[in-house]
Amino acid sequence: MKKNEIILKAISADPYLKERKSPTEAEQQLYLKEVLFTCPLCGKDLRHRKQKKNNKLYEIAHIFPNSPTVEQYALLNTLQRLGDNSETFENKIALCKDCHDQQDYHTTQEDYLNLLQKKQKLLQNTALHEATFTLGLELEIANVVRRICCLREDELAQLNYTPVKLSKKFSVNELLLKNRIAMYVTSYYPYIRDLFREMEGINGFRLDTLSLQIKCCFTKMETISNDKNAIFDQIVEWINTKTLTTSKAACEAVVSFFVQNCEVFHEITE
Ligand SMILES: [Zn+2]
């Protein structure tokens, strides 16, 4: 009994354990994407083959339990944990319902470490992916360019000229933006220019006209806001929506092309 009390005390004093926070719909998608829509423990498909089915095939599981039982805590307490606390992205993973049940009620040290190592590997893959996300963007960029060439003039007019100021937390300083644009320009400027050249004249498309229009967008926005990050992101967002592209990086590459091509953001293109 004494031992139990000590453990209960340790649980309540453990700063890693935080109150359960349900993942949002978007976060759930991230967890699913992370495991490629397959249960990392048994390989079961976590997505319905047919759409329109509402019951979920997955659950977002805690790796280290956020409210462990005395037995679990005694077992797992000394082992490695991922993330700063139980509610971080690092401590959660998508599992099928069966595996989640198994994990919740019959955790062994071996099970725990197995899942933890799976997650570690997934986190590494994601980090690698992020590091190389700008490589091999060509196909996505070609898509964006192809679709941008099909936009009509009145669609450009729908661009909202009042950039939304990003919260401090997300905005990066101008130097970072400058570096980001420079990286895209170095890697993709000639490629994008050639794509536009191929499109020249097709269905009346002219790069000069489009460039002028985009330049006009930038100029209008700059009279309203001097937050270049916000302007850049707003135009990326708009192209993203208009071209129905899944790759934000491809849109950023195309917008960077225009920043260079239209000589907007003078401080950056100098
Ligand atoms: Zn499973």
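Residues numbered from 1 in each chain as written. Predicted model: local features only at pLDDT ≥ 70, side-chain atom pairs only at ≥ 80, totals over all residues.

Undergrad: Would you explain helix 11 (residues 248-261) in this entry?
TA: Note that an α-helix has 3.6 residues per turn; residues three or four places apart therefore point the same way. Its 14 residues give helix 11 an end-to-end C-alpha distance of 20 Å, which sits within 8% of 20 Å, the value for a rise of 1.5 Å per residue. Buried residues dominate helix 11, accounting for 10 of its 14 residues. All of the buried residues in helix 11 are Ala250, Cys251, Glu252, Ala253, Val254, Val255, Ser256, Phe257, Phe258 and Val259. At the C-terminal side of helix 11, Glu263 shows a positive phi close to 55°. (Helix = DSSP H or I, 4+ residues; strand = E, 2+ residues; numbered from the N terminus. Expected span 1.5 Å × (residues − 1). Buried ≥ 20, exposed ≤ 12 C-beta atoms within 10 Å, placed from the backbone.)

Undergrad: Teacher, can you tell me more about helix 6 (residues 138-150) here?
TA: Here helix 6 spans 19 Å end to end across 13 residues, near enough to the 18 Å set by a 1.5 Å rise per residue. Every buried residue of helix 6 is listed here: Ile141, Val144, Val145, Ile148 and Cys149. Projected onto a plane normal to the axis of helix 6, the buried residues spread over an arc of 130° and lie on a single side. Turning to helix 6, the residues buried within the fold contact helix 8 (174-199), helix 10 (228-243) and helix 11. (Arc of directions from axis to C-beta. Contact = placed C-beta atoms within 7 Å.)

Undergrad: When you look at the nonpolar core in this model, what are you seeing that I'm missing?
TA: Considering soluble globular proteins, one finds that nonpolar side chains tend to be buried as a cluster. By size, the foremost hydrophobic cluster in this structure holds 30 residues, and its most contacted members are Ile141, Val144, Val145, Ile192, Ala253, Val254 and Val255. Contributions of two or more residues to this core are made by helix 6, helix 8, helix 9 (207-224), helix 10 and helix 11. With 8 residues, the single largest contributor to this core is helix 11. Leave out the neighbours within four places in its chain, and Ile192 touches Ile141, Val145, Ala253, Val254 and Phe257. In terms of nonpolar packing, the next biggest core, distinct from the first, is built from 17 residues, Leu41, Ala61, Ile93 and Tyr112 among them. (Core = buried A, V, L, I, M, F, W, Y, C linked by C-beta atoms within 7 Å.)

Undergrad: Got a minute to help me understand the pairing of strand 2 (residues 92-96) in this structure?
TA: Looking along a regular strand, one sees the side chains alternate between the two faces of the sheet. With 5 of 5 residues buried, strand 2 lies mostly within the body of the structure. Of the two faces of strand 2, the one holding Lys92, Ala94 and Cys96 and the one holding Ile93 and Leu95 are both buried throughout. With 5 bridges connecting them, strand 1 (residues 58-62) and strand 2 associate as antiparallel partners. Among the inter-strand pairings, Ala61 is bridged to a residue of strand 2, identified as Ile93. (Pairing = 2+ DSSP bridges.)

Such coordinate-based values are descriptive only and should not be taken to indicate function.
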